[in-house]
Amino acid sequence: MSTDKAQTWVYAEDYIPEHEVLLAARDAAVEVGAAPVSTGIGATLRMLAAVSGARAVLEIGTGAGVSALWLLDGMPADGVLTTIDHEVEFHKHARRAFTAAKISPQRTRLIAGRALDVLPRMAARAYDMLVIDGDVLEAPQYLDHAVRVLRPGGVVAFVHALWHDQVADPARRDPETVVCRELVRFLSTSEDFIPSLLPVGDGLLVAVKR
Ligand SMILES: C[S@@+](CC[C@H](N)C(=O)[O-])C[C@H]1O[C@@H](n2cnc3c(N)ncnc32)[C@H](O)[C@@H]1O
């Protein structure tokens, strides 16, 4: 890879600067160990929420709320983000960030629980967008739910799709890398989705439900 390419990626990642509340949420996330999405992924999620006019977004993996803040900024003013995390402590940080960003409490629904216990309770065809940033090893099951909960034309976005730059290297065979690689491959031929793999941040696999 050329030095120019590395410089270009850094430039693209930093293209949209984060405001004070986002930076504070990012600091809190790093402090508690809830790895936040990169700035480039956040900006891309915001753009996807905006372009799809997403009024109902479902997120797996709230963390301290960094991706949630980006999503809410791209959604219409009456849009509602439902976000799932099994760490109640992380939800406290996310709530604090939403308050600091002056987001009305009606716009967020935080569900504490394990994703695979919660997802079956989510209504079918009720969501415009699903963001997957929970347990990587469970991602294939999350994707099964995506087919059910997304409306036709809805968008699924899988964060960490290129898993620490290991997915592109066939010699890397740890469980997380293999799951990400198989999911990327599966979506490339799926008849249910129109996919695109974006090399932003740690990789963002985006697909529109047919
Ligand atoms: C990478 S962090 C999410 C970061 C967040 N999206 C952000 O940008 O700030 C992953 C989150 O998924 C949560 N998580 C992991 N496994 C989970 C599961 N099985 N069910 C629900 N949440 C889970 C973790 O507690 C953690 O907060």
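Just above, that's the structure.
Residues numbered from 1 in each chain as written. Predicted model: local features only at pLDDT ≥ 70, side-chain atom pairs only at ≥ 80, totals over all residues. Heavy atoms only, no water.

**Quick notes on the nonpolar core**
The biggest cluster of nonpolar side chains holds 34 residues, and the ones touching the most others in it are L45, L69, L71, F98, M129 and L204. Here this core takes 6 residues from helix 4 (residues 66–74), the largest share from any one element. Once residues lying within four places of it in the same chain are set aside, the contact partners of L45 are S67, L71, M129, V131, A157 and L204. By size, the runner-up hydrophobic cluster in this structure holds 33 residues, among which are A56, A139, L150 and F193. (Core = buried A, V, L, I, M, F, W, Y, C linked by side-chain atoms within 4.5 Å. Buried < 20%, exposed > 50% of the residue type's maximum accessible area, 1.4 Å probe, protein only. Helix = DSSP H or I, 4+ residues; strand = E, 2+ residues; numbered from the N terminus. Contact = heavy atoms within 4.5 Å.)

**Focus on the packing of helix 2 (residues 20–32) against helix 5 (residues 88–100)**
As a packed pair, helix 2 and helix 5 sit with axes 10 Å apart at the nearest point and diverge in direction by 170°. In terms of axis orientation, helix 2 runs roughly antiparallel to helix 5. For the pair helix 2 and helix 5, contact is made by V21, A25, A28 and V32 and by F90, H93, A97 and A100, respectively. Split by residue class, the contact of helix 2 with helix 5 holds 7 nonpolar, 1 polar and no charged. (Axes fitted to C-alpha atoms, helices over the stretch in contact; angles between N-to-C directions. Parallel < 35°, antiparallel > 145°, perpendicular 65-115°, else oblique. Nonpolar A, V, L, I, M, F, W, Y, C, P; charged D, E, K, R; others polar.)

**What about the pairing of strand 3 (residues 108–112)?**
Of the pairings in the sheet, the one linking strand 2 (residues 80–85) to strand 3 comprises 5 bridges and is parallel in character. In the sheet register, D85 faces strand 3, and the bridge partner there is A112. Each parallel crossover has a hand, and for strand 2 linked through helix 5 to strand 3 it is right-handed. (Pairing = 2+ DSSP bridges. Right-handed = clockwise from strand over helix to strand, strands pointing away.)

**Describing the environment of H91**
With respect to the helices, strands and loops of the structure, H91 is situated in helix 5. Of the residues examined, H91 reaches a relative accessible area of 2% and is grouped as buried. Measuring from C-alpha to C-alpha, the distance between H91 and G203 comes to 25 Å, with 112 residues separating the pair along the chain. Residues contacting H91, with those up to four places away along its chain left out, are T62, G63, T83, I84, D85, L110, I111 and A112.

**Brief notes about the environment of L116**
Mapped onto the elements of the fold, L116 is located in helix 6 (residues 115–118). With a relative accessible area of 26%, L116 lands in the partly exposed category. The spacing of L116 and H145 is 29 residues in sequence and 9.2 Å in space, taken between C-alpha atoms. Beyond its immediate chain neighbours, meaning those up to four positions away, L116 contacts E138, Q141 and Y142.

**Topic: the site of the ligand**
In the vicinity of the ligand, 22 residues are found, and the nearest of them are G61, S67, D85, A115 and D133. Within the contact set of the ligand, an oxygen atom lies 3.4 Å away from a backbone nitrogen or oxygen of G63. Between the ligand and S67 there is a distance of 2.8 Å, counted from a nitrogen atom to a side-chain nitrogen or oxygen. Taken together, the residues that form the shell around the ligand break down as 7 nonpolar, 8 polar and 7 charged. (Near = heavy atom within 4 Å. Polar contact = N/O pair within 3.5 Å; in protein donor to acceptor, adjacent residues only side chain to side chain.)

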